Amino acid sequence: MNRHRRKTLQTPGRLWEASQIVLTTLGLTILAPVAQAQEQAPATEIIVTGSRIAKAGFNAPTPTSVIGKDLIQAKGQTSTTEILNSLPSVRASASIANATPAQRAGSQNVDLRGLGTVRTLLLIDSQRAVPTTQTGVSDLSLIPSLMIDRVEVVTGGASAGYGSDAVAGVVNLILKKRMKGIEGEVFKGITSYGDRAETKLGLMAGTDYAQGRGHFVIGGEYHKIGEIYDARSRPWGQNAYAIYSNPCAGVAGTAIAASLGCPGNVANGQPQRIIAPNVYFSNYTQGGLITAVGGGTPASLRGTGFGTGGTPYSFPFGSLTTTSQTLTNGAINALNLADNIALSQPIERYNVMARTEFEVSDRLKLWASALYAASSNTTRSFPQRSLPLTIRGDNGFLRTVPALASIAAQIPALSTNTFSLGREWDDIGPSGFATSSGKNETYNIVGGLNGKIGKTWSWEVTAQTGRNVYNQSSPYQLVRSRFNNAVDSVVAGGQVVCRINADAISTNDDPGCVAINPFGSGSPSAAATAYATSTATFRQVVSQTTVNGLLRGDLLQLPAGTLSVAAGAEYRTTSVNQTVDAISAANGFINNTTNQQPLAGSYNVKEVFGEVQAPVFKNSILGAGLDLNGAVRRTDYSTSGPVTTWKVSGVYRLIDGISFRATRSRDIRAPNISELFSGAVGGNPSGLSNPFLGGTGIGLGVTSVTSGNPALKPEVANTETVGLVLKPRLIPGLAFSVDYFNIDVRGVISTQTSQNIINGCYTGNQALCGLLTFGSDGKTITNIAIKQLNLSRWAFRGLDFELSYGFDLGGGRVTLSALASKTIHTIIDDAINGPIDYAGAIDGGAVGTYGLSRPKWNGSLYMGYRKGPVGVGAEVRYIGEGVYSVLAVEGVSATPRPGIGFTINNNHVPAVAYLNLNASVDVVNDGRRKLQFFGVVNNVFDKAPPLFPVSASPTNPTIYDTAGRALRVGVRFKY
């Protein structure tokens with residue numbers, strides 16, 4: 001039985017554009033959650049995320065969503081990531097259900113607008129969280145979820161308020177600071193397929209001390225989630241869907257180049273890309289596959305595969321076959337791209353956080369918090385593969401293994417007679433897979449002083465220091481030099497030995513070399529495995545220290561109200577130090593992703609900022625009121641120098657219940673340590689075309705060096721938002737809003753492929769020409785420097801809608817919440833291929849990547865009803881239809897975009913809707929004590945995702961649910 005089948009199913013311009021859009025949506029139902037939350041709060045200081053002004057009744061001009069603890073509990077969401085992924089403005093990047101092998105152990109990040117996690121800033125009580133990666137991104141799972149009172153999400157530029165990285169917006173986790181008593185939660189979960197078992201335990205306690213002048217809270221949680229083996233564990237993943245690249249594309253019978261190797265040198269009547277089931281690799285199998293022959297090896301042996309013990313068989317190539325893929329109804333030991341790739345990686349994490357505050361006097365308070373968070377997992381990815389592996393005619397195992405006698409008889413025992421063997425090494429090591437075990441630990445301490453001056457002024461000083469330590473170990477990794485030695489064997493003295501120890505050259509001998517048998521699954525011996533493999537390790541330490549101060553208050557009284565100001569300064573240092581094993585440092589492992597490189601770098605930031613809030617008029621003939629807000633920040637990076645960010649915004653209240661809001665800001669993202677200081681990694685690119693020499697191939701003498709770039713400058717974003725907020729008096733409890741956004745990011749930091757660098761230079765891009773080294777003729781390329789560059793430009797435009805409504809019905813309470821997002825444009829200009837609008841594409845713009853995948857429409861609708869001790873709720877998540885790729889056109893005779901476009905058999909992706917249900921019963925709830933049982937069923941109808949392959953998956957797991965129907969039951973208590 002094939003390894004990948006051992007798991008079976010267990011159960012059956014734009015303000016004008018913006019104003020037009022906003023005015024035409026007056027009848028749409030949408031929420032202004034911050035305004036609603038403010039109405040329910042007491043009339044004391046309210047600090048709205050996105051502003052440093054503290055003011056009662058202040059309306060946020062920047063679109064801000066607030067998710068409260070009651071809604072979080074009602075939906076049965078188990079992590080901050082799941083909470084945020086329910087927002088249409090968030091693109092799922094690391095959900096627990098859809099974890100991918102590339103994610104750091106247990107790491108959960110947020111990606112607003114799909115601009116990338118590095119452009120969303122995470123705050124904890126309005127303070128920067130310690131980074132948990134070299135890219136500066138922070139982990140959402142640091143905080144015990146029970147300690148989160150609410151989550152505030154600002155979907156607009158906020159660099160003037162909080163500094164770098166807030167290009168797409170800010171996620172602010174607001175903690176419970178005055179909780180008293182004990183609160184806890186325990187639940188178990190599992191999918192209807194019997195996998196991804198889940199256990200979570202959380203506990204929190206709080207108490208006053210010193211006659212109520214002090215307060216202390218502590219909380220912690222443990223969360224463990226099992227894996228989902230691979231796509232074949234689900235009905236929709238049984239048929240090996242993939243995208244087949246067709247070299248013989250074109251109208252049937254049309255003459256095509258003989259070099260393509262197509263039958264009769266004519267097109268086969270199919271498009272260039274074919275999305276289909278039963279797409280397998282044609283260049284390797286689990287036990288080995290002969291893909292090419294050389295010397296005196298007969299051509300008839302091509303397509304010979306090797307089963308258990310080396311038994312040969314004929315590999316059944318399909319009617320459409322290339323050098324790497326075949327379309328067939330079934331093949332012995334054949335492999336699909338998604339085979340053995342976990343749909344959900346196992347995760348185990350735990351954290352604890354404590355916070356205390358103490359009122360020294362009625363005008364001075366001090367506070368401090370500390371947290372420790374740890375997560376660990378073992379990720380399982382592709383088994384290691386060798387493409388191709390040269391086997392010589394005198395190979396020792398070919399000549400001595402009885403099952404191979406019929407093959408050996410056809411090949412003269414000479415080293416010049418060769419064949420290429422493609423093989424998946426799923427029998428190396430105990431698990432047979434490429435595994436990495438990681439542990440991620442974070443320590444963070446924050447403390448501060450808050451004080452009052454007079455009646456309307458306050459100040460605060462905060463200091464933070466934190467460190468993240470990540471250790472990863474990847475055992476049984478094939479070492480390139482040792483593996484090559486072990487595979488090349490001969491018979492000497494009646495024994496199979498490594499050729500280097502049997503030839504006449506003594507300087508290449510390796511006494512430790514043990515020959516490895518490549519023929520058939522399970523053939524490598526333990527001794528050969530021990531010689532050919534080693535353990536790749538790396539340790540990364542990320543440290544951050546921050547000191548900041550803030551002064552705010554009322555400056556003077558204006559006819560329409562108080563002119564309020566805020567000003568402050570911040571100093572921050574960040575450093576990364578990464579050490580790796582010697583083999584990785586030398587790029588010695590066959591699996592290049594294992595070859596982590598040393599990294600060391602640091603920077604410091606000095607910032608000053610100010611903000612002003614001014615009421616222009618109130619209850620005049622011009623309307624009910626107009627408030628203007630402005631903020632500016634001057635930032636000086638030790639690496640890239642000074643930069644200024646700013647924001648101007650306003651809220652215009654036409655009448656009570658109808659208001660407009662607008663924001664214009666300039667935001668930045670400074671280059672992170674990885675982009676600046678990553679060490680050089682050498683390579684030998686192949687398959688490249690040199691237009692300077694008429695398109696001829698580039699020879700083996702070409703080298704490449706991939707590295708960071710200390711000369712990078714900050715990305716600069718210009719952001720506009722315009723919105724309408726309605727809270728009609730005739731319908732108490734109803735609030736709805738619509739906001740238009742336009743984010744234009746210039747100087748986006750990214751790398752280019754080797755071919756793109758060559759092509760861009762050829763068309764006149766001097767920045768790319770600086771990355772090429774030419775020979776004496778000025779045309780031959782000898783080296784390619786692959787560096788991070790400020791080269792690209794992104795433009796994202798769209799609409800956000802929110803709705804909230806609550807009313808009494810039948811002695812109970814109904815709550816409605818709706819959110820929707822419309823992507824108008826997602827334009828990427830990489831300075832090579834020109835601007836391309838990727839809006840609506842689920843493949844991310846490039847075949848085989850998640851990239852910028854973003855449906856044009858997505859949203860959610862939640863309705864809950866509670867009467868007495870019983871509560872029920874239903875949520876519908878909607879993902880709109882789209883296209884597989886904006887670069888694709890359907891049909892054989894269609895004309896795709898020149899250079900990068902392609903034809904495809906099916907480019908339409910259907911819409912998908914998921915239904916989630918929840919219920920809870922309060923056994924005890926007397927205001928002081930509470931005992932509640934709850935249950936949740938997600939994806940009630942076990943809706944399958946659309947089968948449009950992306951990366952190593954038959955679908956896009958960052959958009960669609962791949963776990964299927966999942967159940968959770970648990971208990972909450974409070975005393």
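Scroll up a little and you will see the structure.
Just so you know, these numbers come straight off a predicted model, no measurement behind them.

Draft legend 1. Region of interest: the pairing of strand β25 (residues 533-558). Bridge count between strand β22 (residues 457-478) and β25: 19 bridges; the pairing is antiparallel. Note on β25: the bridge partner recorded for T462 is N548. Pairing geometry for β25 and strand β26 (residues 561-580), over 20 bridges, is antiparallel. Bridge pairing in β26 links T546 to R572. Taking the residues that link successive antiparallel strands as the turn, the β25-β26 hairpin has 2 residues.

Draft legend 2. Structural context of the nonpolar core. Counting residues in hydrophobic clusters, the biggest one holds 59 residues, and the most contacted among them are I143, V151, V171 and Y884. Of all the elements, strand β36 (residues 735-750) adds the most residues to this core, at 4 residues. Once residues within four sequence positions are removed from consideration, V171 is found in contact with L84, V110, L112, T120, L121, L122, L123, V151, E152 and V153. Residues I290, F397, V401 and L404 belong to the second largest nonpolar core, which totals 29 residues.

Draft legend 3. Broad picture of the sheet that holds strand β15 (residues 320-321). If you trace the 3 strands from one edge of the open sheet to the other, you get β11-β16-β15, paired in antiparallel fashion. Two strands lie at the open edges of the sheet, namely β11 (279-281) and β15, each paired on one side alone. In the sheet, β15 pairs with strand β16 (residues 325-327) via 2 bridges, with the strands oriented antiparallel. From the neighbouring strand, L320 faces β16, where its bridge partner is L327.

Draft legend 4. Examining the environment of F933 more closely. Looking at the secondary structure, you find F933 in strand β49 (residues 930-938). Using a relative accessible area of 44% as the deciding quantity, one classes F933 as partly exposed. Excluding residues within four positions of it along the chain, F933 makes contact with A919, S920, V921, V923, G970 and V971.

Draft legend 5. The arrangement of empty space enclosed by the protein in detail. Of the volumes computed, that of the second largest cavity is approximately 320 Å³. In terms of lining, the second largest cavity is formed by 30 residues, of which the most central are R128, T135, G136, V137 and D165. Counting only elements with at least two residues in the lining of the second largest cavity, the list comes to β2 (120-124) and β26. The class makeup of the residues in the lining of the second largest cavity is 14 nonpolar, 12 polar and 4 charged.

Draft legend 6. Representation of the pattern of salt bridges within the structure. One pass over the full model with this rule turns up 38 salt bridges. In this structure, the salt-bridge partner of D208 is R178, at a minimum N-O distance of 3.6 Å. One end of the pair, D208, is in strand β7 (residues 198-209); the other, R178, is in the loop between β5 (169-175) and β6 (181-191), and 30 residues separate them in sequence. A relative accessible area of 25% means that D208 is categorised as partly exposed. E221 is the salt-bridge partner of R349, the closest N and O atoms lying 3.0 Å from each other.

Draft legend 7. A look at the side chain of R968. Assignment of secondary structure puts R968 in strand β50 (residues 966-974). Given a relative accessible area of 5%, R968 falls into the buried group. Reaching out from R968, the side chain makes a polar contact with the side chain of E198 at a distance of 3.2 Å.

Draft legend 8. Up close: the packing of aromatic side chains. Taken as a whole and assessed by the stated rule, the structure comprises 17 aromatic pairs. Seen in terms of ring centroids, Y603 and Y637 are 5.7 Å apart; in terms of plane orientation they differ by 55°. Their pairing is tilted. Here the residue Y603 occupies a position in strand β27 (residues 599-620), and Y637 occupies one in strand β28 (residues 623-637), the gap between them amounting to 34 residues. Residues Y603 and Y637 agree in their burial class; the two are buried. Consider the rings of Y805 and F807, whose centres lie 5.0 Å apart with planes at 35°: the pair is tilted.

Draft legend 9. Structural detail: the state of the cysteines. One pass over the structure, following the stated rule, counts 3 disulfides. Between the sulfur of C498 and that of C513 lies a disulfide, 2.0 Å long from S to S. In this structure, the disulfide formed by C498 and C513 twists by about -90° around the S-S bond and is classed as left-handed. With a gap of 15 residues between them, C498 in strand β24 (residues 495-498) and C513 in the loop between β24 and α9 (526-532) connect regions that are remote in the sequence. Each member of the pair, C498 as well as C513, carries the same accessibility label: buried. For C761, the disulfide goes to C769, at an S-S distance of 2.1 Å. Between C761 and C769, the S-S dihedral sits near 100°, and the bridge is therefore right-handed.

Draft legend 10. How the structure looks around the environment of D125. Of note, D125 is situated in the loop between β2 and β3 (127-128). Residues D125 and I174, spaced 49 residues apart in sequence, show a C-alpha to C-alpha distance of 4.9 Å. Non-local contacts of D125, meaning those with residues more than four positions away in its chain, are made with N172, L173, I174, L175, K177 and R355. At a separation of 3.1 Å, a polar atom in the side chain of D125 contacts the main-chain amide nitrogen of L175. Within the structure, D125 has its side chain in polar contact with the side chain of K177 (distance 3.0 Å).

Draft legend 11. Inspection of the sheet that holds β5 at higher detail. Pairing is mixed across the open sheet formed by 5 strands, whose spatial order is β1-β4-β5-β2-β3. Two strands lie at the open edges of the sheet, namely β1 (64-68) and β3, each paired on one side alone. Here strand β4 (residues 148-154) runs beside β5; their pairing, made up of 6 bridges, is antiparallel. Residue pairing across strands places I148 opposite L175, the latter belonging to β5.

Rules used throughout
Residues numbered from 1 in each chain as written. Predicted model: local features only at pLDDT ≥ 70, side-chain atom pairs only at ≥ 80, totals over all residues. Heavy atoms only, no water. Pairing = 2+ DSSP bridges. Helix = DSSP H or I, 4+ residues; strand = E, 2+ residues; numbered from the N terminus. Core = buried A, V, L, I, M, F, W, Y, C linked by side-chain atoms within 4.5 Å. Buried < 20%, exposed > 50% of the residue type's maximum accessible area, 1.4 Å probe, protein only. Contact = heavy atoms within 4.5 Å. 1 Å grid on protein atoms, 1.4 Å probe; cavity = no way out; pocket = protein on both sides within 12 Å on 5 of 7 lines; lining within 4 Å. Points joined across faces, edges and corners; volume = space filled by probe spheres on them. Nonpolar A, V, L, I, M, F, W, Y, C, P; charged D, E, K, R; others polar. Salt bridge = Lys/Arg side-chain N within 4 Å of Asp/Glu carboxyl O. Polar contact = N/O pair within 3.5 Å; in protein donor to acceptor, adjacent residues only side chain to side chain. Phe/Tyr/Trp six-rings, centres within 6.5 Å; stacked < 30°, edge-to-face > 60°. Disulfide = S-S within 2.5 Å.

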